[in-house]
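As a plain string of letters, each chain reads:
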Amino acid sequence: MSRIIELTKLDTRKILINPDMIETVEGNPDTVLVLQSGRKVLVKEDIGEIYKLINS
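The sections below set out a description of the structure shown in this document. Just so it is clear, the model here is predicted, and its values are computed rather than measured. Within each chain, residues carry numbers counting from 1 in the order of the written sequence. This being a predicted model, a pLDDT of at least 70 is required before a residue's local features are given, and a value of 80 or more before pairs of side-chain atoms are given or counted; all residues contribute to the totals for chains, interfaces and linings. The side-chain values count all of the structure's non-hydrogen atoms but skip hydrogen atoms and water molecules.

1. Remarks on the sheet that holds strand 3 (residues 22–27)
Then comes step 1: If you trace the three strands from one edge of the open sheet to the other, you get 3-4-5, paired in antiparallel fashion. Both edges of this open sheet fall to strand 3 and strand 5 (40–43), since each of them pairs with a single strand only. Mean inter-strand twist for the sheet, computed between neighbouring axes without regard to direction, equals 20°.
Then comes step 2: Note that strand 4 (residues 31–35) and strand 5 share four bridges and pair antiparallel. Across the sheet, residue Thr31 finds its bridge partner in strand 5, namely Val43.
Then comes step 3: Residues count as neighbours in contact if any of their non-hydrogen atoms are within 4.5 Å of one another. With axes taken as lines fitted to C-alpha atoms, and helix axes fitted only over the stretch in contact, angles between N-to-C directions fall between 0 and 180 degrees. By the criteria applied, helices consist of DSSP H or I runs no shorter than four residues and strands consist of E runs no shorter than two, each listed in order from the N terminus. Those strands touched by helix 1 (residues 47–55) are strand 3, strand 4 and strand 5, and its axis lies near 150° from that of strand 3. For two strands to count as paired, DSSP must find a minimum of two bridges between them.

2. Description of the side chain of Thr31
Then comes step 1: Within the element layout of this structure, Thr31 appears in strand 4.
Then comes step 2: For the exposure calls, accessible area comes from a 1.4 Å probe over protein chains only, and a residue counts as buried if that area is under 20% of its type's maximum, exposed if over 50%, partly exposed in between. Taking relative accessible area as the criterion, Thr31 reaches 5% and is therefore assigned buried.
Then comes step 3: The term polar contact refers here to a pair of N or O atoms within 3.5 Å; inside protein, the definition further demands a hydrogen-donor-capable atom paired with an acceptor-capable atom, and it admits residues adjacent in sequence only when both atoms are side-chain atoms. Within the structure, Thr31 has its side chain in polar contact with the backbone oxygen of Glu45 (distance 2.8 Å).
Then comes step 4: What Thr31 contacts, discounting residues up to four positions off in sequence, is Val25, Glu26, Val41, Leu42, Val43, Glu45, Asp46, Ile47 and Ile50.

3. Focus: the pairing of strand 1 (residues 5–8)
Then comes step 1: By the bridge criterion, four bridges tie strand 1 to strand 2 (residues 14–17) in an arrangement that is antiparallel. Pairing of Glu6 across the sheet is with Leu16, part of strand 2.

4. What about unusual backbone geometry?
Then comes step 1: Cis geometry marks the peptide bond from Asn28 to Pro29; its omega dihedral reads -20°.
Then comes step 2: Position of Pro29 among the secondary structure elements: in the loop between strand 3 and strand 4.
Then comes step 3: Phi at Thr12 is positive, roughly 80°, even though this residue is not glycine.
Then comes step 4: The residue Thr12 is located in the loop between strand 1 and strand 2 in this model.

Next up, the structure:
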């Protein structure tokens, strides 16, 4: 069973993401999640915060 993590888009809306669907996380300077579908999502959290959410 997959966990869901809560992240914040740049416009302050909260979104729920299944971490199993994340292919890569890029930070330059904004944090961009690239999902397996190819969709890109910009979020406020930095790479370290996302790592902690996924691995906690």
